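# Residue-level structural notes
Chain by chain, the residues run as shown.
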Amino acid sequence: MGCIAMLVGKLVRLRAFTEADIPRLTEFKNDVEFELLGGGDPPRPRSHEVVRKFFEEQANNKESPNFAIEADGVFIGDCGLHHVDRRNGTAAVGIGIGDRAYWGRGYGREALTLLVDYGFRMQNFRKLWLDVHHSNERALRCYRAVGFVEEGRQREHTWSGGRYEDTILMGLFRADFQAAFQAPAGPA
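Scope of this entry: the structure provided in the associated data block. Each chain carries its own residue numbering, running from 1 in the written order of its sequence. pLDDT decides what is reported in this predicted model: residues at 70 or higher carry local features, side-chain atom pairs at 80 or more are listed and counted, and totals for whole chains, interfaces and linings draw on all residues regardless. Only hydrogens and water are set aside; all other atoms, that is, all heavy atoms of the structure, feed into the side-chain values.

### Things to note about the sheet that holds strand E2 (residues 13–15)
Note on sheets: strands pair through backbone hydrogen bonds, and any given pair is parallel or antiparallel. Our working rule: Should DSSP find at least two bridges between two strands, the strands are regarded as paired. Numbering goes from the N terminus for both helices and strands, where a helix is a DSSP run of H or I of at least four residues and a strand is a run of E of at least two. Helix axes are fitted to C-alpha atoms over the stretch in contact, other axes to C-alpha atoms as well, and angles between N-to-C directions run from 0 to 180 degrees.
Reading across the sheet, the eight strands line up as E1-E2-E3-E4-E5-E6-E8-E7 and stay open at both edges, with mixed pairing between neighbours. Two strands bound the open sheet, and with one partner strand each, they are strand E1 (5–8) and strand E7 (149–160). Sheet twist, expressed as the average angle between the axes of neighbouring strands with direction ignored, equals 30°.

Here is the structure:
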């Protein structure tokens, strides 16, 4: 895509969003299965204009860094830090691989590792956290592989896809991540 990557791994590059990402992002945001896996609000149709507005908000949000995930020169998803709490040194992580051709092949794991390393080394967070549906086994495997541990469970907490789902709360401390991983990559 020709955009300079900020963080580079063996499989993926984390970079700024570009205008060229909007059509694929619109496709991902209208994929019901992908949206259900991400939790949050029930899926609803999203126009190109709505996704463009989302894109612009993300690009202008200085407190919550967001990245486009690129592999093989293609925009495949996004990730970022949210619910930033500077006083307590915490932030939530979010990630989604929208391109199904890259599901279950380690791309999400590497992108998450780069994001977590960025959150600890560049943003100076002491703890990162997330929540995930209990039925999203692929995501749970990814989060555990990066070092996240279950800290709690909200039983039948979220209505998703016609049933109530447990929400699993997971966290990762900087010291635990550093003990398990060497810095995976630096600036490009």
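Now that the structure has been shown, we can carry on.
### Section: the packing of aromatic side chains
What counts here: Here is the rule: rings of Phe, Tyr and Trp (six-membered ring for Trp) pair when centre to centre is within 6.5 Å. Planes less than 30 degrees apart are stacked, more than 60 are edge-to-face, and the remainder are tilted. Under the scheme applied here, a residue whose accessible area is under 20% of the maximum for its type counts as buried, over 50% as exposed, and between as partly exposed, the area being computed with a 1.4 Å probe on protein chains only. Criterion for a charge above a ring: Lys NZ or Arg CZ within 6 Å of the ring centre, and within 35 degrees of the ring normal.
For the coordinates displayed, the defined rule picks out eight aromatic pairs. Geometrically, the ring pair formed by Phe 120 and Phe 177 is tilted, given 5.7 Å between the ring centres and 50° between the ring planes. In this pair, Phe 120 sits in helix H4 (residues 107–121) while Phe 177 sits in helix H6 (residues 174–180), placing the two residues 57 residues apart along the sequence. Taken as a pair, Phe 120 and Phe 177 share a single burial class, namely buried. Residue Phe 177 is classed as buried on the basis of its relative accessible area of 3%. Lying across the ring of Phe 54, Lys 29 places its NZ or CZ 4.7 Å from the centre. The ring centre of Tyr 102 lies 5.6 Å from the NZ or CZ of Arg 105, which sits over that ring.

### Focus on helix H3 (residues 48–60)
Helical periodicity: at 3.6 residues per turn, an α-helix aligns residues three or four positions apart in one direction. We count it as follows: Here the expected length of a helix is defined as 1.5 Å per residue gap, with one fewer gap than residues. What the arc describes is the spread of directions from the helix axis to the C-beta atoms. Contacts are assigned to residue pairs that have any heavy atoms within 4.5 Å of one another.
For H3, which comprises 13 residues, the first-to-last C-alpha distance of 18 Å matches the rise-based estimate of 18 Å (1.5 Å per residue) to within 8%. Burial in H3 covers these residues: Val 51, Phe 55 and Gln 58. The buried residues of H3 occupy an angular sector of 65° when projected down its axis, which confines them to one face. In H3, the exposed residues that point more than 90 degrees away from the buried face are Glu 49, Lys 53 and Asn 60. Check the buried side of H3 and you find it contacts helix H1 (22–29), strand E3 (66–71) and strand E4 (74–85).

### Quick word on the pattern of salt bridges
Let me state the cut-off plainly: In the sections that follow, a salt bridge refers to a side-chain nitrogen of Lys or Arg positioned within 4 Å of a carboxyl oxygen of Asp or Glu.
Considering all chains together, one arrives at 11 salt bridges under this definition. In this structure, Arg 15 and Glu 70 form a salt bridge, with 2.5 Å as the shortest nitrogen-oxygen distance. Highlighted residues: Arg 15 in strand E2 and Glu 70 in strand E3, separated in sequence by 55 residues. Accessibility classification places Arg 15 together with Glu 70 in one group, the buried group.

### Things to note about the side chain of Lys 29
Tracing the chain through its elements places Lys 29 in helix H1. Each residue touching Lys 29, except ones within four places of it in the same chain, is listed here: Glu 35, Arg 44, Arg 46, Val 51 and Phe 54.

### Topic: the side chain of Lys 127
Defined as follows: Within 3.5 Å is the distance limit for a polar contact, defined as a pair of N or O atoms, with the added protein rule that one can donate a hydrogen and the other accept it, and that residues adjacent in sequence qualify only through two side-chain atoms.
By secondary structure assignment, the location of Lys 127 is in strand E6 (residues 127–133). Reaching out from Lys 127, the side chain makes a polar contact with the side chain of Glu 151 at a distance of 3.1 Å.

### A few points about helix H5 (residues 137–146)
Along H5, the residues classified as buried are Ala 139, Leu 140, Cys 142, Tyr 143 and Val 146. On an axial view of H5, the arc spanned by its buried residues comes to 160°, and they lie on one face. Where H5 is buried, its residues contact strand E5 (90–97), H4, E6, strand E8 (163–173) and H6.

### Topic: the packing of H1 against H3
Note the threshold: Any angle between 65 and 115 degrees counts as roughly perpendicular, while under 35 counts as roughly parallel, over 145 as roughly antiparallel, and the rest as oblique. Any residue that is not Ala, Val, Leu, Ile, Met, Phe, Trp, Tyr, Cys, Pro, Asp, Glu, Lys or Arg is counted as polar, Gly included; the first ten are nonpolar and the last four charged.
Put simply, H1 and H3 touch, their axes get as near as 9 Å, and they point 110° apart. The angle between H1 and H3 places the two elements in the roughly perpendicular class. Between H1 and H3, the residues in contact are Ile 22, Pro 23, Leu 25, Thr 26 and Lys 29 and His 48, Val 51, Arg 52, Phe 54 and Phe 55, respectively. Of the residues that constitute the contact of H1 with H3, the class distribution is six nonpolar, two polar and two charged.

### Focus: the packing of H4 against H5
Quick note on the threshold: Left-handed describes a crossing in which the near helix is turned anticlockwise from the far one by less than a right angle; the clockwise case is right-handed.
One way to put it is that H4 packs onto H5 with a least axis distance of 10 Å and a crossing angle of 45°. On the basis of their axis angle, the class for H4 and H5 is oblique. Relative to H5, H4 is oriented so that their crossing is right-handed. Across the interface between the two elements, Gly 108, Arg 109, Leu 112, Thr 113 and Val 116 from H4 touch Arg 141, Cys 142, Tyr 143, Ala 145 and Val 146 from H5. For the contact of H4 with H5, the residue count by class is six nonpolar, two polar and two charged.

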